[in-house]
Structure formats: C-alpha cells, structure tokens
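One-letter residues, chain by chain:
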Amino acid sequence: MGILSAFLILIMSVAAVFAVHTKDLIGASLLLGFVSLISAILFYLLQAPDVAMAEASIGAALTTAIFIMAVKKTKRFEDE
Amino acid sequence: MVNPLYILVSLVFFALLILFVQRFSKYFALLATAFNFYLSINILIAALKKPLLVNLGGWKVPFCISLFASPLSAALVLLVSLVGFCAVVFSFSYIEEERNRYYALLLLLLAGSSGVVLAADIFNMFVFFEILCISSYALVAYQRKADSFEAAFKYLVQGSVGSSFILIAIAIIYGLFGTLNLAHIARHISFPLTFSLKVALALLVAGFGVEAAIFPFNFWLPDAHPAAPSPVSAVLSGLAIKVGLYAVLRLIFTIFGYPGVFLPLLFLALFTFVVGEFAALAQGNLKRMLAYSSMGQIGLIAAVMSFGSVYTFTAGFLQIFNHALAKSVLFLASGVFFYQGHSLEISDLKGAGRKNVLVGAAFAAGIFSLVGLPPFLGFFSKLAILVSLFRTQGTLVLAYIFIFLIVILTAVEAAYFLRVLGVLYQKPAVFSAASGGKKMALMQIPVVFLGLLLLGLGLFPQIVQKIAYFAASSLLNKAAYIKFILG
Amino acid sequence: MDLVRSLYYLGAFLLIGIGFYAVLGKKNLIKVIMGLSLIDNGINLLFIAIGYVRHHTAPIITSQISDTSLMVDPVPQALVLTAIVIELSVLALALALAVKVFAVHKTLNLNKIKGLKW
Amino acid sequence: MNRFNKIFAYSSVFLISLCLLVVFLLAFRAIPFGADTMDVGHFYLEDAAKSTGSANIVTAVVLGFRGFDTLGEVMVLFLGAVGLGLVLSSQKDSTHSPAKTFPSLILKTMADLVFPFIVLFGIYIFMHGHISPGGGFPAGAVLASGYLLLFLSQRGGYHIRLAQRVETGSGLVFVIVGLAGLYFSGFFLHNFLPVGRLGSLYSAGIIPVLYSLIGIKVGAELGGIIYRLFGE
C-alpha cells in the first residue's frame, strides 16, 4: 500500500500543478476531475468507501461538469 | 416552549415553505421572525436564571450535537431576531423582485447567525457559519448589477478561504483530542499551548475573522455591505460581523481559556479601528461611509474585548448592542433615502432630513448614539469602555494608548457623521422626494422603532447593562462552561 | 520527521498549498475558483488521513467483518461527507457569479475588472 | 520594471504558500498518522449498531449522532441552489451563449437506454445507505448525472417548478420527521421508529427514510443547478 499510495499522491500533485498552470480552462477542469478521482481512490485505500463514492460522484463527475458548463459560457483560454 | 431549537427549526422550516408554496413569502417571513422575537425574549429571560442546554437526537453529551444558550448567546439571539424582524418589516415594500428567494435567503441568514451563536459543537458551528456566509454571498449579489456581482465574488473567495482555515483548525483539534464538542475540547486544553494548538487558534481567529472583518481579512467589507440592498446591509453590518466576532471571542476566551490580554487580536483590532474610521472620513457615498464606520466600530469592540476582563467585556457588549441597533437604523434610513431619491451620494441628499421628519430624526438618533452623546445608549457604552480601560491592571501603557486613540477617533467619527447630518438638514433642498404614501409608512415603522429603542435604552440603561454583565461573566468562565455542558 | 509515515499529510498539504497559490496568484476568475476546489480537496484528504488507523477496516458491519473495535474512525468520514456537499454549493454559486461577471465585462481577468482588485 | 513586479508578486505568493505548507506540516507532527486517536469515535463504533440499527456506522454518525449537521448541510446545498437561481435569474443582459450543437444519434439512443438504469441505480444507492457505502448525497449526484445526460441529448424538458416543489417538499418532510422525534420521545431527530434486524433493508428506523429524502432532494437540487447553468 505504501508504494501505491506514494505513486498516487505524486500523480495527484503533478496533476494539480498542471491544472493550475495550464491556460486551457477545459483541460484544467478535466485535470481537476482527475485529481478528485485519485483522491477518491486514496479515500478507498484509507478505508473510507462512503467518502470515496461521494467524492467520485460529486467531486469528480458533477464538479467537472459544472466547471465545463461555466467555461463554455465564458471563455476557454486564459489571457494575459 | 422555551427551547432554542425552535428558533433554528422555525427559520429553516419557513425558508423551505416559502419556496414550496411560492407565494405569501413576506407574510411567512414576518410570521417566522415575529415568532422568533417572542421566543428569544423568553429564552433570554430563562437563560439569565440558568443557561439552557438542548441535546439533539437523544444521546449523552459529548456524543450528540447540543445547543447551548448561555446569557451571552441568548442576548445575541435576541439581537438577531430583533434586527431580523425590523429588516423583514422594512423589506415589505422595499423589495419588489425575486421576493421568494430573497426572503428564503434572509431567513436562512438569520438562522445561520443564531446557529453559530447557539452551537456547542465546533463542526456544527462551522456548518451554521457556512449557512450564514453562503446566504450573505447570495444576498450581496441580490441587486444583480455589475458591482454587486463583483462584491459578492470577492466576498465569496475571501470567505471560502476563511472557511478552509476553520476546517484545517477543526482537523488539528479533532486529530489531537478526538472530539468535537466545544466543552470537551476546552477540558483538554491547558496553558501553555502546544505549537499545534497555537496554529489551530491562529487559523480559527483568521477564519472567523474574515466574517468579523478584522484587519488583514476585511477587504471584502467596504464593497459587499454597500452592494447589498439596505435591509440586508443592516443585517450584515449589524449582526453578521458580530457573529463572527462572537465566534472568535468564544473560542479564544472560553474554549482556549486565554488568560489576560490577547495581544495579536488587540493589535489587529486597533489597526482595523484606525483604518476604518479614517477611511470613512474620505467617502462620498453614504452606504460606503457607513460600511467603513462599521469596520472601525468592530475594531473598537474587538480591541476592548481582547483585554479580557469582565469590565471590558461588559463594555464591549454594550457597544455591540449600541452598534447593532444604531447601524441598523442608519442603513435602513439610508434605504429610505435611496428609495425616494435613487442616489446615495452624500451631495445628493441635501435637505433629505427636512423632507422626512421622522426618518431624519431616527437617523440623527443613530448618529448621536454611535458618536456617544447622551441621552442615547451609545453614551453609556463609550463611557463604560473608557472606565473599563482605566480599571485594567497590568498592561497600562496599551490601555492609555487605546484611550488616546478612542478620543481622537471619536472626534473623527463625529466629524464625518455630523457632516452628513449637516447635509441632511441643509437649507436649499436638492433632494426631491416622490411621495410614497402607504409604502413609505411601512418603511418608516422599523426605522422609527429602532431609533426610539436607542433613546429608550439610553434613558434606562440598567437593563442592557445587567444583560451585558451576565454575558461577560459567562464568556470568561471556562470552568462553569465545561461543568454545565459535561456535567 | 519521517516523511513516509506522513505521506498522506504531505499530499493533502501539497494540494492545499497549490490551491492557495492559485487563489492568491492567478488572475483568472475560474482559476481562482479551481484553487478553492483544490484547497477543499486537500482538506478532505487531511480529515480522512486523520481518521485512518493502521490495519483497521472500513466502519461498515458485514457478515464477514463484525469486530467494531478494529474499525477506522467514522467521525472524520461523516465530516468529509458534509464538507464535500458544502464545497459543491459554494463552487456552484462562485461559478454562477463568475459567469455573470463575464457577461458584464467580457473578460475573466481580475486585473481588468476594477471592482475585483485585491 | 513591470516584469520585475510580476516575478516579485508570483514569488511572494509562492513563498506564502510554501510557508503555510511547512507550518501545517509542523503542526501535524503532534498527530501521528495511522494511530488510534479516537475519543468519541470509540463510542460510536461500539454503540452505533445497537442503538441505531445501521450496519454502516458512517451513516449512523451522519444521520443519527450528527443528524443536525446533516440538516444544516442540506440547507447549505439548498442555499447554493437558491443563490445560483437568484444570480442567474436576470436575463436582461446579453449572455454569451455557446454555439448550439446538435447531439448525435448515438448519444440520443444511448441516453434513452441508459437513463432509466441511472435513475434505478441512484434509488438503489439511497435505499441501501444504511447497509452499504453510499447514501443520499452520492445518490443525488447520480440522479443529477442522469439529468445531465438528458440535457446533453436534448431530450425532454426539465420541469423546474416541479423539481423545486420536490426539493423543498422533501426538505420540509425532513424537518417534520425531526419534529416528530421531538414529539414522540423528546429529542429532535430522535430515531423513534423500530430499529429492526441489523443489516436488513427494513431496519435502522428513520435513517433510510431520511436518506431517501436527502437523495431525492439532492437529486432535484443538483438537477436544478445543472438546468440553470445550461440556461435555455
């Protein structure tokens, strides 16, 4: 479990950094959903299946959908 | 029937009912707040004899969520329901669009404020704090103009960062002690604090400090309060920031049991005081000026209270009452002026006080009370603050510096308030009031009522002084708090 | 400090730190909201990590697992369930405000919107 | 000069975030990872199955011991939906509407096929919240993702007024169930129904009732949020 969780945490942090860094807001929303998904896996590893389900359905799916809808209504690329 | 639970449940119930039925919204809101007003008077009377503890769900104390109405909480709940009732009556003819949503949000704002004050469980406190915050974000955006969206967004971002600070602090506390009940936590905490607890305390002060508008966390206030419709500004300025301050003080002095002067809060509060009052001097818009003045006043109250003795607390509570009532009068009266003249620039208000005799008089009463002139309540609270500072032991230098600041800043306050009053009664009246008829009468009632209340409490200050004294001693007595809740 | 043992804490605080960086440093409204979302994600992970007890099982009684003394702490999980929902509603409101601000100013850049400078 | 300012701003923000990270890590040295730090948790683990009849102890905590928090949480979500409705309700200004795209046949057919199953799955989740992981909030999210699919395939309308009635109605029933506890046994949100046999579907008293209400309410609310953000 140690190595797996270390790997997942590493990937999650990298994804978070890219989500903040990228100029494409749709890409950033998807990366954010990916971060949520990995944290749902981490919750499952930490013996919290209830929270994992909530995070996967609310955090990963719905939040991403809401973000994408909001980006569609505004502007896709971040300008200087 | 004397059960603080009914306050929260009735507000939540009516908020849901308004959007379920989709009509009669203002009557439901009036019913809910009137019921609450009646109930909170009863609760205060009962709590002055013996604090009330309500356990929810039928479990024993550290395991269930409980509501605790100490004299302090009961007094604040009374204040919330009083100002809330006046705001609802004022909104009757002032608010014309989106009534259902507006009243539901306003009721939940009141529910959140009462909930934070009554909660005896740190996470429950957080949940009610979120109800308070989210309803105020939405209400700030109510007018749906560009600047209200911007103000609401700014408020939301800073408020949510504050909320996440609170959550991290709760995580630290839960990790250390494995419990969420405030009294149970208080029993575990002893001085000197460990590093983790210091971080937790700092995070809690910062998190609740965002709502209490204490210096580096208050950049949202001067935009958010003026952007909201007037009755909401009255509630936000009169109540919401005090609820934040209540949470800060309850956590510092009851739960952590900080002995003596809490210096970090004192310095931040003094800074807030100075910045707020001087910024108010420079404003040309009436509501912006009132918002900056609220910032200054909250700084004054927080600074007095961070001295941590019974006298300073009593004085601070008097000032909380005074400021809540007076600021509500001022914001509601400015709502009347806006309704008639469609402008809040001070230069456009020439002669407005002559056109509305009653509202002008109430406005003057509010100003006199805030500046601290007899025979209004503000005179006694300012006097109590000065006396209590002379009576503090130990940190005399700070107390004297503070007294000096109060004298100077009261003069500043008097300068900007009297300037407005001068404009309101200036001779060649620019202000043109469309006669409102029945609608205007309905708006005048709460304004005049609150103005008279300020005068009445100023003539008979003993009642408020007694309540403030009880509240102050219940805030400082950590041992009694633990004993009463945990048995 | 042994880093391996507090790996989850480190991960949680990394998310919180990245989120703070986005909230304070980014100029795009939606990026700021994403920062808030990252902070909340980190806090959720933090709570669950606090409640975890080594070699204990999830707090659900089944026909195979019925020894409640060998289960992890249920309270942080309950708190996180609450926190996730609160986060979602704040997020929805924030995005609605951002959409409206964009509709007025046709830009999401904080520096170009006068009322939003902080 | 401008460039220098920018670098300075970014690096100071970076340093502040780093400082926060370090301070938090230091503060958490006192809380060992993976150790048993429970206090009230032990009581919940021992007592929950007996006193609430819920095999899922997290559910027992969420709706039993800390049910009042959950009421507050439901109200927070309600506030989010109402606030969003308020903010988005002004259609006077010209909102930038995205180019209308028509859904493909595949999406339409699949949506028709999958939608009933999604709804069924959502109902299953909230009905079994007291015996298996899940519960009302994920169930509501699943239901809302069903609506999302319908919106994407532009099938049928979403009866926003009906949804609002359902949403507020189930909230009202939640409060009434709590008050019934107060009436029958003197405690708000007390579990006044029989507890039943541990692990069966009809057990745990009011907990499945409350979770069903939450599932329906959250589903309607999130559906409303999606509907409003989509903006017809």
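A short tour of the structure in this document, coming up. In this text the structure is predicted, and so the values were computed from the model without any measurement.

Parameters at a glance
- Residues numbered from 1 in each chain as written.
- Chains lettered and ligands numbered in written order.
- Predicted model: local features only at pLDDT ≥ 70, side-chain atom pairs only at ≥ 80, totals over all residues.
- Heavy atoms only, no water.
- Helix = DSSP H or I, 4+ residues; strand = E, 2+ residues; numbered from the N terminus.
- Rg over C-alpha atoms; globule rule 2.2 N^0.38 Å.
- Buried < 20%, exposed > 50% of the residue type's maximum accessible area, 1.4 Å probe, protein only.
- Contact = heavy atoms within 4.5 Å.
- Buried area = accessible area lost by both parts, 1.4 Å probe.
- Salt bridge = Lys/Arg side-chain N within 4 Å of Asp/Glu carboxyl O.
- Polar contact = N/O pair within 3.5 Å; in protein donor to acceptor, adjacent residues only side chain to side chain.
- Core = buried A, V, L, I, M, F, W, Y, C linked by side-chain atoms within 4.5 Å.
- Lys, Arg positive; Asp, Glu negative; His and termini not counted.
- Expected span 1.5 Å × (residues − 1).
- Arc of directions from axis to C-beta.
- Phe/Tyr/Trp six-rings, centres within 6.5 Å; stacked < 30°, edge-to-face > 60°.
- Lys NZ or Arg CZ within 6 Å of the ring centre and 35° of its normal.
- Axes fitted to C-alpha atoms, helices over the stretch in contact; angles between N-to-C directions.
- Left-handed = near helix turned anticlockwise from the far one by under 90°.
- Nonpolar A, V, L, I, M, F, W, Y, C, P; charged D, E, K, R; others polar.
- Pairing = 2+ DSSP bridges.

Examining the overall build of chain D
Step number 1: When its secondary structure is counted, chain D shows eight helices and zero strands.
Step number 2: The C-alpha radius of gyration computed for chain D amounts to 23 Å, which surpasses the reference 17 Å derived for 232 residues by more than 25%, pointing to a less compact arrangement than a globule.
Step number 3: Per-residue burial over chain D gives 55% buried out of 232 residues.
Step number 4: For chain D, long-range pairs separated by at least 24 residues make up 71% of all intrachain contacts whose partners lie at least 6 apart in sequence.

Focus on the interface of chain A and chain D
Step number 1: Counting residues at the interface gives 15 residues for chain A and 23 residues for chain D.
Step number 2: On the chain A side of the contact with chain D, Asp50, Met69 and Lys73 of chain A bury the most area, a combined 39% of that side's loss.
Step number 3: Taken together, the links from chain A to chain D amount to zero salt bridges.
Step number 4: Across the contact surface, chain A and chain D share three residue pairs in polar contact (both at pLDDT 80 or more).

Details of the nonpolar core
Step number 1: Counting residues in hydrophobic clusters, the biggest one holds 374 residues, and the most contacted among them are Leu286, Phe317, Phe363 and Phe402 of chain B, Tyr9 of chain C together with Phe28 and Phe68 of chain D.
Step number 2: The element that contributes the greatest number of residues to this core is helix α3 (residues 74–105) of chain C, accounting for 22 residues.
Step number 3: In terms of nonpolar packing, the next biggest core, distinct from the first, is built from six residues, Ile125, Phe126, Val142 and Leu143 of chain D among them.

Here we look at the interface of chain B and chain D
Step number 1: Counting from both sides, the interface comprises 57 residues of chain B and, opposite them, 52 residues of chain D.
Step number 2: At the boundary of chain B with chain D, total buried surface from both sides reaches about 4,900 Å², with 75% on carbon and sulfur atoms.
Step number 3: Contact with chain D buries area across many residues of chain B, yet Leu16, Trp59 and Phe63 of chain B alone supply 16% of it, more than any other trio.
Step number 4: At the boundary of chain B and chain D, one finds one salt bridge.
Step number 5: We note a salt bridge from arginine 66 of chain D to aspartate 121 of chain B, for which the minimum N-O separation is 2.8 Å.
Step number 6: Here chain B is connected to chain D by ten residue pairs in polar contact (both at pLDDT 80 or more).

Side note on the side chain of lysine 287 of chain B
All names here are of chain B.
Step number 1: Along the chain, the position of lysine 287 falls in helix α12 (residues 286–305).
Step number 2: Buried within the structure, lysine 287 lacks any salt-bridge partner; aspartate 147 is the closest side chain of opposite charge, at an N-O distance of 9.6 Å.
Step number 3: In this structure, lysine 287 is in contact with His225, Pro226, Ala228, Pro229, Ser230, Ser233, Phe331, Ser334 and Leu344, ignoring residues within four places of it in sequence.

Describing helix α19 (residues 462–476) of chain B
Residues and elements named next belong to chain B.
Step number 1: Here α19 contains 15 residues, and its C-alpha end-to-end distance of 21 Å stays within 8% of the 21 Å for a straight helix at 1.5 Å per residue.
Step number 2: Among all positions of α19, only Val464, Ile467, Ala468, Ala471, Ala472, Ser474 and Leu475 are buried. The buried residues of α19 occupy an angular sector of 165° when projected down its axis, which confines them to one face. Of the exposed residues in α19, the ones pointing more than 90 degrees away from its buried face are Gln462 and Lys466.

Some remarks on the packing of aromatic side chains
Step number 1: With the rule as written, the count across this model stands at 48 aromatic pairs over all chains.
Step number 2: Ring geometry for phenylalanine 14 of chain B against phenylalanine 28 of chain B: centres 6.0 Å apart, planes inclined by 40°, an arrangement best described as tilted. Linking phenylalanine 14 of chain B in helix α1 (residues 4–21) with phenylalanine 28 of chain B in helix α2 (residues 25–49), this pair joins segments that are 14 residues apart in sequence. In terms of burial, phenylalanine 14 of chain B and phenylalanine 28 of chain B fall into one category: buried.
Step number 3: Between tyrosine 94 of chain B and tyrosine 339 of chain B, the ring centres sit 6.0 Å apart and the planes meet at 40°, which makes this aromatic pair tilted. Pair noted here: tyrosine 94 of chain B is in helix α3 (residues 71–94) and tyrosine 339 of chain B is in helix α13 (residues 310–341), with a separation of 245 residues, a long-range link.
Step number 4: By relative accessible area, tyrosine 94 of chain B is classed as buried at 12%.
Step number 5: Taken together, Tyr8, Tyr9, Phe13 and Tyr52 of chain C together with Phe24, Phe28 and Phe33 of chain D form an aromatic cluster joined through their ring pairs.
Step number 6: Positioned over the ring face of tyrosine 311 of chain B is arginine 391 of chain B, at 3.9 Å from the centre of the ring.
Step number 7: The positively charged end of arginine 165 of chain D is found above the aromatic ring belonging to phenylalanine 20 of chain B, 5.9 Å away from the centroid.

A few points about helix α1 (residues 2–27) of chain D
Step number 1: Here α1 of chain D is 26 residues long and its end C-alpha atoms lie 38 Å apart, about the 38 Å a rise of 1.5 Å per residue gives.
Step number 2: Turning to α1 of chain D, its buried residues are Val13, Ser17, Leu20, Leu21, Phe24, Leu25 and Ala27 of chain D.
Step number 3: Along its buried surface, α1 of chain D packs onto α6 (146–177) and α8 (195–212) of chain B together with α1 (7–25) of chain C.

Observations concerning the side chain of asparagine 3 of chain B
Step number 1: Relative to the helices and strands, asparagine 3 of chain B is located in the segment before α1.
Step number 2: Every residue in contact with asparagine 3 of chain B, bar those within four places of it in the chain, is listed here: Leu39, Ile43 and Val54 of chain B.

As for the pattern of salt bridges
Step number 1: Inspection of the entire model under this criterion finds nine salt bridges over all chains.
Step number 2: Its salt-bridge partner being glutamate 221 of chain D, residue lysine 217 of chain D comes within 3.0 Å of it at the nearest N-O pair. Pair noted here: lysine 217 of chain D and glutamate 221 of chain D are both in helix α8 (residues 206–230), with a separation of four residues, about one helical turn.
Step number 3: Residues joined by salt bridges that share partners form a network here, namely Asp121 of chain B together with Arg66 and Asp69 of chain D.

Let's talk about the arrangement of the chains
Step number 1: For the five pairs of chains in contact, the maximum contact count is reached by chains B and D.
Step number 2: The two units chain A and chain B never meet; even their closest C-alpha atoms stay 15 Å apart.

So, the packing of helix α3 (residues 49–73) of chain A against helix α6 (residues 136–152) of chain D
Two quantities define a packed helix pair, namely the angle between the helix axes and the distance between the axes.
Step number 1: For the pair α3 of chain A and α6 of chain D, the least separation of the axes is 9 Å and the interaxial angle reads 35°. You can see that α3 of chain A and α6 of chain D cross each other, and the crossing is left-handed. Counting all contacts with α3 of chain A, which are made through Met53, Ala54, Ser57, Ile58, Leu62, Ala65 and Met69 of chain A, the residues of α6 of chain D involved are Phe137, Pro138, Ala141, Val142, Ala144 and Leu148 of chain D.
Step number 2: Each residue belonging to the contact of α3 of chain A with α6 of chain D can be placed in one class, and the counts come to twelve nonpolar, one polar and no charged.

With respect to unusual backbone geometry
Residues and elements named next belong to chain B.
Step number 1: Residue proline 192 is reached from phenylalanine 191 by a cis peptide bond, and omega for that bond is -5°.
Step number 2: Summarising the element assignment, proline 192 is placed in the loop between α7 (182–188) and α8.
Step number 3: With phi around 65°, glutamine 22 is a residue other than glycine that occupies positive phi space.
Step number 4: Mapped onto the fold, glutamine 22 is located in the loop between α1 and α2.
Step number 5: Judged by relative accessible area, which is 19%, glutamine 22 ranks as buried.
Step number 6: Unlike most non-glycine residues, alanine 213 shows phi in positive territory, near 60°.
Step number 7: One can find alanine 213 in the loop between α8 and α9 (221–227).

Here's the deal with the pairing of strand β2 (residues 66–69) of chain B
Residue and element names in this part refer to chain B.
Step number 1: Of the two faces of β2, both are covered, the one formed by Ser66 and Phe68 as well as the one formed by Leu67 and Ala69.
Step number 2: Sheet topology note: the strand β1 (residues 52–55)/β2 ladder contains four bridges and is antiparallel. Counterpart to leucine 52 in the pairing with β2 is alanine 69.

A look at the environment of threonine 312 of chain B
All names here are of chain B.
Step number 1: On the secondary structure map, threonine 312 appears in helix α13.
Step number 2: For the pair threonine 312 and phenylalanine 390, spaced 78 residues apart in sequence, the C-alpha to C-alpha distance is 9.9 Å.
Step number 3: If we ignore the near neighbours within four places in the chain, the residues touching threonine 312 are Val304, Phe307, Ser388 and Thr392.
Step number 4: Of the polar contacts made by the side chain of threonine 312, one reaches the backbone oxygen of serine 309; its length is 2.9 Å.

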